Amino acid sequence: MSEKTIENYGKSFLVLILPISFVIVLLVNTWKVLLVILLLLMVLTIWQQYTWEKWCNKVNPIFYELIQENQGKITPMDLAIKANFSGETGKRYLDAKAKEFGASVLESENEGQSYYFITASILGDILDSSESSEDIPRQPVTKVARSFLSPPASVPQEEKSESLPEPTPEEVKKTLEKQLVFGSLIQSELAKRLNVYSSTVYKRRNDPDFPEWSRSRDPDGIAWSYSRKSKDFFPIQE
């Protein structure tokens, strides 16, 4: 090996050793300061996590209330309006909840990002939607049901004596007056009446045109409305 080659190796070694030496000297002289900074960062991270969890505990009741009202569907805007904070904060909260509960996140042109959380009641609706309603006959409203849907009015005597034909057991499983014992129908009952899947009613129930849509499907032209409070469907009196 020539003297020139040895000299080149020596220069290359110095190029590597000088930065390493500088770092070692810096660590020896400033390790206390670096340790303090590291501890401060750890404390800050723990504090932020603590305050976030404490804040989430306050928001959780509002979140669960919206889940019940909207049948599992919620958007950052819904939560932000209800709890009075920014949409970005609401999105961060819902992202954490979606990860915790394994929720589905869907993008929509009208509503933006929507989160779907499955509860026991929603799961029951999904199971109901698997039932086919194609073979279920439309159910006519009897005179008793009509008297419930509209206020009494004076009619000719001969009209009072008339009655609509009663459905046969082969045509109808339940008549509307029996279903309306509590003045409303549940989702699966209305789906059978409208001759659609339960999931179809579930998807359309909050639409502004739901009454008109249900009227077009109802065998007697009755419009229906959905109550978020009771989770039932009520006939619209006209």
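The structure under discussion appears in the preceding block.
What comes next concerns the included structure.

Rules and cut-offs
In this convention, every chain numbers its residues from 1, walking through the sequence in written order. Thresholds applied to this predicted model are a pLDDT of at least 70 for local features of residues and 80 or more for the giving and counting of side-chain atom pairs; totals over whole chains, interfaces and linings are not thresholded and use all residues. In computing side-chain values, all of the structure's heavy atoms are included and hydrogens and water are not. Going along the chain from the N terminus, every DSSP run of H or I of four or more residues is numbered as a helix, and every run of E of two or more is numbered as a strand. Only protein chains enter the area calculation, which uses a 1.4 Å probe; residues under 20% of their type maximum are buried, those over 50% are exposed, and those in between are partly exposed. It only takes one pair of heavy atoms within 4.5 Å for two residues to be counted as in contact. Each accessible area is a Shrake-Rupley estimate made with a 1.4 Å probe; only the visible protein chains count as cover when residues are assessed. Ring geometry is summarised as follows: Phe, Tyr and Trp rings, the Trp one being its six-membered ring, pair when their centres sit within 6.5 Å, and such pairs are stacked at plane angles under 30 degrees, edge-to-face over 60 and tilted between the two. Salt bridges, as used here, are contacts in which a Lys or Arg side-chain nitrogen is within 4 Å of a carboxyl oxygen on Asp or Glu. Taken from the helix axis, the directions to the C-beta atoms give the arc we talk about.

1. Structural notes on the overall build of the protein
And step 1. Within the protein one finds ten helices and five strands.
And step 2. Residues counted as buried form 28% of the 238 residues belonging to the protein.
And step 3. Partitioning the contacts of the protein with sequence separation of at least 6, the portion at a separation of at least 24 is 53%.
And step 4. Total accessible area computed for the protein in this model is approximately 16,500 Å², and 60% of it derives from carbon and sulfur atoms.

2. Here we look at the packing of aromatic side chains
And step 1. For the structure shown, the criterion picks out eleven aromatic pairs.
And step 2. Measuring from centroid to centroid gives 5.8 Å for Phe-210 and Phe-233, while their planes differ by 40°, and the two rings are tilted. Taken together, the residues Phe-210 in helix α10 (residues 210–217) and Phe-233 in strand β5 (residues 232–235) connect sequence positions 23 residues apart. The burial state of Phe-210 is the same as that of Phe-233; both residues are buried.
And step 3. With a centroid separation of 5.0 Å and 40° between ring planes, the pair formed by Tyr-226 and Phe-233 is classed as tilted.
And step 4. Three or more aromatic residues link up through ring pairs in this structure, and these residues are Trp-52, Trp-55, Phe-63, Tyr-64, Phe-85, Tyr-93, Phe-101 and Phe-117.

3. So, the pattern of salt bridges
And step 1. Across all of its chains, the model carries seven salt bridges by this definition.
And step 2. Between Lys-82 and Glu-65 there is a salt bridge whose closest N-O contact spans 3.5 Å. Taken together, the residues span a long stretch of sequence, with Lys-82 in helix α2 (residues 76–83) and Glu-65 in helix α1 (residues 3–69) at a distance of 17 residues.
And step 3. On the basis of relative accessible area, Lys-82 is assigned to the partly exposed category, the value being 40%.
And step 4. One salt bridge connects Arg-193 with Asp-218, and the closest N-O pair in it is separated by 2.6 Å. Within this pair, whereas Arg-193 is found in helix α8 (residues 187–194), its partner Asp-218 is found in the loop between α10 and β4 (224–227), the two being separated by 25 residues in sequence. Across the pair, Asp-218 and Arg-193 agree in class, each one buried.

4. Observations regarding α10
And step 1. Taken as a whole, α10 has its buried residues at Phe-210, Trp-213 and Ser-214. Along the axis of α10, the buried residues cluster in a sector spanning 95°; they form a single face.
And step 2. Along its buried surface, α10 packs onto α8, α9 (198–204), β4 and β5.

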